[in-house]
Structure formats: C-alpha cells, structure tokens
Amino acid sequence: MHSTLNRRQFLTAGALTLTAAGLAGCSSRSGSATNTTSFVKPGSAAVTAAEAKRRRTGTVVQRTLTAEPVTLDLGGKTAKTWAYRGASATEPLRGNVGDTLKVALTNDLPDPTSVHWHGLALRNDMDGVPNLTQKPVQPGGSFAYEFTLPEPGTFWFHPHVGTQLDRGLYAPLIIDDPNEKADYDKEWVIVLDDWLDGVTATPDQVLAELEKGMIDHGGMDMGPMRMGNTLMGASSPLLGGDAGDVYYPLYLINGKPANDPQTFTAKPGERIRLRIINAGGDTAFRFGVAEHQLTITHTDGFPVEPSKAESVVLGMGERYDAVITAGDGAFAVIAEALGKQDQALAVLRTGSGTAPTKKTTLPPTKTPATASDLRAASAVGLPQRAVDRTLVLELTGGMEKYDWAINGKRMDMDRPMRDALGIKQGERVALEFKNSTTMWHPMHLHGHTYQLPGGGPRKDTAIVLPGKALRVEFDADNPGRWLTHCHNVYHGEAGMMTTIAYQEN
Ligand SMILES: [Cu+2]
C-alpha cells in the first residue's frame, strides 16, 4: 500500500508540521518544563500520601516471580526464551481491589530487568521503569514490589527494559471487585501474542535489523514481504495502512500455537466473560469467536456501556473484556494478525464436532469494534471540567532511519527526565497525540487512565492512526514521573517515548 516514496513524502510533511507544533507550543501555556524545574521524586512524601489515600482491605497477596531463561515447546518448535517462574499467560496474578500486592522479583537473566504493572494507577516508585522510578534490577539481583491494587479490571505486567517484552516475560494481573455483580457463569483470560524469540531470532537481533533502516525496494503492493526478520508491505485498512514492521513465525493464544491450540470447555448456553489481552510486540489483532457475538463490557480494566460486536481490534497493550453465550459444538477462537496474513487460534468446545483449524477465519465483512465505538460507563466517565494544560505529543519518525520519536526527540532511557514535560497535581490535562508518521501507534500512559473524547472509554492505551490526531484527557491525581510511549516495543525502544512529570509545588 505505502511505497517508500510515500513514506519519504510523509517524513518531509512531518518535519514541517513539527516546526509548526513547536511554535504553537511556545505561544500557549507551555507544556515543556526547563531543566531547572524540580519534579516530584518517586519516593517522595507526595507519592506516599497518594498511596495512603487509596482504599485498602488489609489483605496482603504475596507472590514470588523469577525472571529466568527457559526452553518452551511451541507446537513442536523448541524455543529458548526468557519467562517468569511464578506467573504466565495461564497463571495470572490475582487479587481484590484494595489488597496489597507484594511481589518478590528475582532476576536470573543475564541482563538487567524490571516489572512494569501495565495500566495500574499505582504508587510511582513501584511503576518499574529503570532510571526513572527505580534502579534496574541487575543479574542475580532482586526487588520487592509492594503496592495497593488501585482499581478492579484486566491488567498485565512485563519488563520495561529493552525489547524484553517480546520474549516470554509477561502475565495477566486480574483485579477483582467483590461487589461487582457478575453477569456470567465463568471467565477465561485470553492472552494474544506474536512470537519469534528463540525460533527465528531474538528481539534484540530484530531491533538491530530494523535500526539499519528500510531499504528502497520500490512498489510493495503484493502483500507482506519478509526480509530477514522484518516485514514490508504488511498493510491493513483497519490500521490506516502500514500494519507492522516484524515477521513472526508464530501467533499464540495463552502460549499455544495454532497447531497445538488451547481448548476451553463450557456447557452450551453458558455466559463466559473473556478477558482479552494483547501482549504482542508488533501486532494488532482482530479478535472474535466464530459464530458468536461479543458483548464488550470493559476496556483497559474500566467498564463501558455494553456494546455488541462480531470482533474487536486490539493494539499492543490494549485489553477488552467481552461476554459470549456459548453455542453447541466446537468453535474457533481467532486472533487475526492484522496485515500479516496469519492468525492465532484456540478452541471453544461445548459439545461434539470437529475441532476447528487455522483454515477457519473470521468473517471479513463484519465491522470490528474499536475504542472509538465505545462509551465509558457513567460511573467511570471523567467529570466535566475545563482543561488546565494541553500537552501536544507529535508522533514522529519512520522506517527509513528507524528514528521513532515524540516531538522529534528520541527517548534516552539512561536520561529519561531530559525532555520531561511538566504538569501539576490537580490539573485536568489534555494529551494531544498528533501522528505525523505513516504508521499507527498504540499510545500508552503510565499511572493514569485517560478518557477518549465525546464520552469515550477510559483507557491507558489507544490506537492513533497515521495522519490522525487523538485528544485524550486525564486528571493529574497520581504524583510522580510517568512515561507515555508507543507500545510497539520496537518503536518504544527506538525512542517513541517521553516522560510526563509532576512539578513540585
Ligand atoms: Cu509506534
């Protein structure tokens, strides 16, 4: 779809827009703070005070996690990778809202690591971002995470170091609300992933290939073309064109490939809550269950007005909860890897019938749900108020130089406060993501759940389509230093990250 020429034109256009945005930034109330501004520190009294205000049950949930090298059998393929002992896609961490989660992390990897609790409005010093909220956990080292579980919902966790997320280092974190009226008979956690580690390459090798930049190969209208471990011409209209950068040999649901799928069993007529998590590194999925309708009830942990859909699109880091009523037979649970002509597969079995295979696909004609189709449940919508501060975050860069950035500045994780944008406690903050690139980006904010415009859902990760803007709002009620970044692990690591930091009063 997108030729190299188009990308070049876009790069030029992006540079012009960047200048304009820079000027606009100077004339309005400034979002960028100078280096002389002092910011709230992760271990400060303000952070402790915010933690003390969270409702607490007094219950302590204690778990141990060991990040370590492992060997997996992925449907007959042997993969040497890194994973957690103590949690996995099928072994979530779980607690009630208000419980204290204590996780003793041991690092048995050859590299430093950390754990980031994705989507949680937790205390800043437990957010797991090395050099920003904690020191990296060195090989052989350990770290004690301890924080109040702030909101119920479907969350997950992963390292915030390099490309480690694209190995097996992730697991769900499910937070229950004992007072929630459960309108379903059972629930399943469904983790979607794109897999290459130990099969075709390591994620670090993939990043090194991508950083060489895209070579000019002329027209690419023939569908996705593999070049080593990268992909060219992977395109999806649902993502506004270019869908992804990386070739994956396998797509997994709960750690299982399509030739050895997980089978979920139920009785016909049972109502099942699905908690769907996209833990992928570079793949958006369209998820659905063949011959079943989804009723979407939550996204990124927060309830929405229930909405029916045949399928739903999840960018990396996004979660959707949906309820289905099980039919009678055997059905394909499908996560189509958008633009990549492949899919992950699991099986829903309630009766007899032939198990579906990868040949079963989702109906292509159905319009999938995306976040913009949903509305926040009234209980979780942000109250109406004026915006105190607008931060313009222009998404910049491209494949040619692999120079993904925000406002033209590439994050250096050794100095994550270098270009920090200041906000103040109590402000209503608008983030204006302006995508000047030719690719979509799932933009994630740490420590807060913003709201999409027009009464849209509360989310911590949202898709920003190429050439488009997305304006979201949040209340600055969780002091500290927080990243906002693209959740494409390769874009983030290349530099599409910035820090939003609370100024000291
Ligand atoms: Cu991105």
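Residues numbered from 1 in each chain as written. Predicted model: local features only at pLDDT ≥ 70, side-chain atom pairs only at ≥ 80, totals over all residues. Heavy atoms only, no water.

Considering the overall build of the protein chain
Then comes step 1: Of regular secondary structure, the protein chain possesses 4 helices and 34 strands.
Then comes step 2: Projecting the C-alpha coordinates of the protein chain onto the three principal axes gives extents of approximately 70 × 60 × 50 Å.
Then comes step 3: Counting every position in the protein chain, which comprises 505 residues, the buried fraction comes to 58%.
Then comes step 4: Put simply, 75% of the contacts in the protein chain that link residues at least 6 apart link residues at least 24 apart.
Then comes step 5: When the accessible surface of the protein chain is summed, it comes to about 19,300 Å², and 51% of that surface belongs to carbon and sulfur atoms.
Then comes step 6: The averaged location of the 56 negative side-chain charges in the protein chain is 3 Å from the averaged location of its 50 positive side-chain charges. (Helix = DSSP H or I, 4+ residues; strand = E, 2+ residues; numbered from the N terminus. Buried < 20%, exposed > 50% of the residue type's maximum accessible area, 1.4 Å probe, protein only. Contact = heavy atoms within 4.5 Å. Areas by Shrake-Rupley, 256 points an atom, 1.4 Å probe, with all protein chains shown as cover. Lys, Arg positive; Asp, Glu negative; His and termini not counted. Charge placed at Lys NZ, Arg CZ, Asp CG, Glu CD.)

Concerning the sheet that holds strand β1 (residues 60-74)
Then comes step 1: Spatially, the 4 strands line up as an open sheet ordered β2-β1-β4-β6, and their pairing is mixed. The open sheet has two edge strands, β2 (77-85) and β6 (142-148), and neither has a second partner. Averaged over all pairs of adjacent strands, the angle between their axes in this sheet comes to 20°, without regard to strand direction.
Then comes step 2: As defined by bridge partners, β1 adjoins β2 across 9 bridges and the pair is classed as antiparallel. For E68, the partnering residue across the bridge sits in β2 and is A83. (Pairing = 2+ DSSP bridges. Axes fitted to C-alpha atoms, helices over the stretch in contact; angles between N-to-C directions.)

What to know about the nonpolar core
Then comes step 1: Counting 120 residues, the largest nonpolar core has W117, F157, L173, L274, F287, L431 and Y490 as its most contacted members.
Then comes step 2: Of the residues forming this core, the biggest block, 5 residues, is contributed by strand β9 (residues 186-195).
Then comes step 3: Among all residues touching L431, those that are not within four sequence positions of it are L391, L393, L445, L470, R471, V472, F474 and I500.
Then comes step 4: M411, M417, L483 and A501 belong to the second largest nonpolar core, which has 9 residues in total. (Core = buried A, V, L, I, M, F, W, Y, C linked by side-chain atoms within 4.5 Å.)

Observations concerning the sheet that holds strand β33 (residues 481-486)
Then comes step 1: Read from one edge to the other, the open sheet built from 5 strands follows the order β26-β34-β33-β28-β31, with strand pairing classed as mixed. Where the open sheet ends on each side, the last strands, each with one partner, are β26 (421-423) and β31 (461-464). For this sheet, the mean inter-axis angle between neighbouring strands, taken without regard to orientation, is 25°.
Then comes step 2: Here strand β28 (residues 441-445) pairs with β33 via 3 bridges, running antiparallel. Looking at the pairing, L445 lines up with T484 of β33.

Points about the confidence of the model for the protein chain
Close inspection of predicted coordinates is inappropriate for parts of the model with low pLDDT.
Then comes step 1: The pLDDT averaged across the protein chain works out to 91; a share of 90% of its residues lies at or above 70.
Then comes step 2: Ignoring residues within four places in sequence, the model shows residues 1-34, a span with pLDDT below 50, making 55 contacts including any to other chains. (pLDDT = per-residue confidence, 0-100.)

A short note on helix α3 (residues 203-211)
Then comes step 1: Among all positions in α3, only P203, V206, L207 and L210 are buried. Down the axis of α3, the buried set is contained in an arc of 100°. They therefore lie on one face.
Then comes step 2: Looking at the buried side of α3, the elements it contacts are β11 (230-232) and α4 (489-494).
Then comes step 3: Just downstream of α3 lies G213, where phi reads positive at about 90°. (Arc of directions from axis to C-beta.)

Observations regarding the pairing of β9
Then comes step 1: Of all 10 residues making up β9, 8 are buried, and the element is well covered by its neighbours.
Then comes step 2: As paired strands, β9 and strand β16 (residues 271-278) are joined by 7 bridges and run parallel to one another. The partner of L192 across the bridge, within β16, is N278.
Then comes step 3: The pairing of β9 with strand β14 (residues 250-253) spans 4 bridges and is classified as antiparallel. Across the sheet, the residue bridging to D193 is L252, located in β14.

Here we look at the side chain of N229
Then comes step 1: Position of N229 relative to the elements: it lies in the loop between β10 (225-227) and β11.
Then comes step 2: Among residues more than four places away in sequence, those in contact with N229 are T200, A201, V206, E209, D245, V246 and Y247.

What about the pattern of salt bridges?
Side chains that differ in charge, positive against negative, can pair when their charged atoms come close.
Then comes step 1: Under the definition given, this model contains 28 salt bridges.
Then comes step 2: Close ionic contact of D204 with R167 constitutes a salt bridge, the shortest N to O distance being 3.7 Å. With D204 in helix α3 and R167 in the loop between β7 (153-158) and β8 (171-176), this pair connects stretches of sequence that are 37 residues apart.
Then comes step 3: Judged by its relative accessible area of 40%, D204 falls in the partly exposed class.
Then comes step 4: A salt bridge links D300 to K459; the shortest N-O distance between them is 3.2 Å. Pair noted here: D300 is in the loop between β18 (294-299) and β19 (302-309) and K459 is in strand β30 (residues 458-459), with a separation of 159 residues, a long-range link. Taken as a pair, D300 and K459 share a single burial class, namely buried. (Salt bridge = Lys/Arg side-chain N within 4 Å of Asp/Glu carboxyl O.)

Digging into helix α2 (residues 45-53)
Then comes step 1: Within α2 the residues assigned to the buried category are V47, A50 and E51. Down the axis of α2, the smallest arc covering the buried residues is 100°, so these residues share one side. Projecting away from the buried face of α2 at angles above 90 degrees are the exposed residues A45 and K53.
Then comes step 2: Where the residues of α2 are buried, they touch β6.

Some points on the environment of K459
Then comes step 1: Judged by relative accessible area, K459 falls into the buried class, the value being 0%.
Then comes step 2: A C-alpha to C-alpha distance of 6.7 Å links K459 and T299, two positions 160 residues apart in sequence.
Then comes step 3: Once you skip the residues sitting within four places of it in the chain, K459 turns out to touch T299, D300, E318, Y320, A371, T449, Y450 and L452.
Then comes step 4: Among the polar contacts listed, one links the side chain of K459 to the side chain of E318, at a separation of 2.9 Å. (Polar contact = N/O pair within 3.5 Å; in protein donor to acceptor, adjacent residues only side chain to side chain.)

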